[in-house]
Amino acid sequence: MVSEYLEFTNSRGDTIRLGDANIGLVSVEGLGDVGAEIQTHRSPFQDGATFVDALLEPRYVQTELIVRGGGYNVVRSERKRLTGVVNPKLGVGVLRYVADGEERQIMAIAESVPYYPDAEGRGERWQRALVTFVCPSPFWQDVNPTIIKLQDFVGNFFFPISFPASFSIRGDEENLLNTGDVPTPINVTFRGESVNPVITKVSTGEFIRINRTIPAEHSLIITTGFNEKSVKIIDPYGVESNAMGYIDLNSTFMSLDVGENKLSFITDGGSPEVFVEYRNLFLGV
């Protein structure tokens, strides 16, 4: 028999398990099915249409629960706890799915306060409950991100020519594997001094270049997620500053394609440590 449960953590860090002795998980829908808007283009005199893109709708995860207790006072207490944790006024939280050791998570918010049917929906030691979670992004993702350190940084190259010259410093090339169902954004961190750092997706030629010097003991963090694009510099005291104004205008906030992706980095000076972080995204669990 499959051991399956959901766990919801709200924005305050309060967590409740949907599928234990006190709050049983009777049924769940929406783990895989999610609607799609198929976009097409039609030219004059064309039979049919040309496919352009498929955009997924938000995901709805519908759960039927049973709240249990040794007496009605316990049932009422558990019902109050459930309502408090999934309170939609707290904003978006994290819904985690666990089944036989497999774990995935998704950002979610309760569509409403839990519904507790009265007629034939309660007893002295139990209470039926219905909770629907709305997931603005439809993708399930890894609970823990994959973090790859780009290794083998090479120092400045100097050549005995008639004028002082220091050519760009090339760093490591690493293959990153996206095992998910769709492309996934990345976070890139340069730790330590770097001059005009560049991260490049070798297979497509896409790159992100920051035209400034990052001082020693500072970090440059680049985020490429949709509606989450950012470039930040963090000083040794944790103070953040916006560095979007230093980005090369030809830069692309790239994602990792499904399968293997080769990334490389390069700078004009310094010797930073470079880390790439991402989570695989899935259409269902």
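The rules behind the values
- Residues numbered from 1 in each chain as written.
- Predicted model: local features only at pLDDT ≥ 70, side-chain atom pairs only at ≥ 80, totals over all residues.
- Heavy atoms only, no water.
- Buried < 20%, exposed > 50% of the residue type's maximum accessible area, 1.4 Å probe, protein only.
- Helix = DSSP H or I, 4+ residues; strand = E, 2+ residues; numbered from the N terminus.
- Pairing = 2+ DSSP bridges.
- Polar contact = N/O pair within 3.5 Å; in protein donor to acceptor, adjacent residues only side chain to side chain.
- Contact = heavy atoms within 4.5 Å.
- Core = buried A, V, L, I, M, F, W, Y, C linked by side-chain atoms within 4.5 Å.

Caption draft 1: Seen up close, the pairing of strand β22 (residues 230-234). Counting buried positions over the 5 residues of β22 gives 4, a clear majority of the element. Sheet analysis places strand β21 (residues 219-223) next to β22, joined by 5 bridges and oriented antiparallel. Opposite Thr-223, over in β22, you have Ser-230 as the bridge partner. Between β21 and β22, which pair antiparallel and follow one another directly, the connecting turn spans 6 residues, one of which, Asn-227, has a positive phi of 65 degrees. The pairing of β22 with strand β23 (residues 240-242) spans 3 bridges and is classified as antiparallel.

Caption draft 2: Quick look at the side chain of Asn-10. The residue Asn-10 is located in the loop between β1 (4-9) and β2 (15-18) in this model. Within the structure, Asn-10 has its side chain in polar contact with the backbone oxygen of Val-85 (distance 3.0 Å). Ignoring any residue separated from it by four or fewer positions in sequence, one finds Asn-10 in contact with Gly-84, Val-85, Leu-90 and Gly-93.

Caption draft 3: Representation of the nonpolar core in the model. The biggest cluster of nonpolar side chains holds 27 residues, and the ones touching the most others in it are Ile-16, Leu-18, Leu-82, Leu-95, Phe-133 and Trp-140. For this core, the secondary structure elements donating two or more residues are β1, β2, β6 (59-68), α1 (72-85), β7 (93-99), β8 (102-110) and β9 (126-135). With residues up to four places along the chain from it excluded, the contact list for Ile-16 reads Leu-6, Glu-7, Phe-8, Ile-23, Arg-81, Leu-82, Val-85 and Val-86. Grouped together as the second largest cluster of nonpolar side chains are 23 residues, Ile-186, Ile-214, Ile-233 and Met-254 included.

Caption draft 4: Fine view of the environment of Lys-80. Examined against the element boundaries, Lys-80 turns out to sit in helix α1. On the basis of relative accessibility, which here comes to 67%, the residue Lys-80 falls in the exposed class. Between the alpha carbons of Lys-80 and Val-134 there is a distance of 21 Å; along the sequence they are 54 residues apart.

On their own, these measurements won't tell you what the molecule is for.
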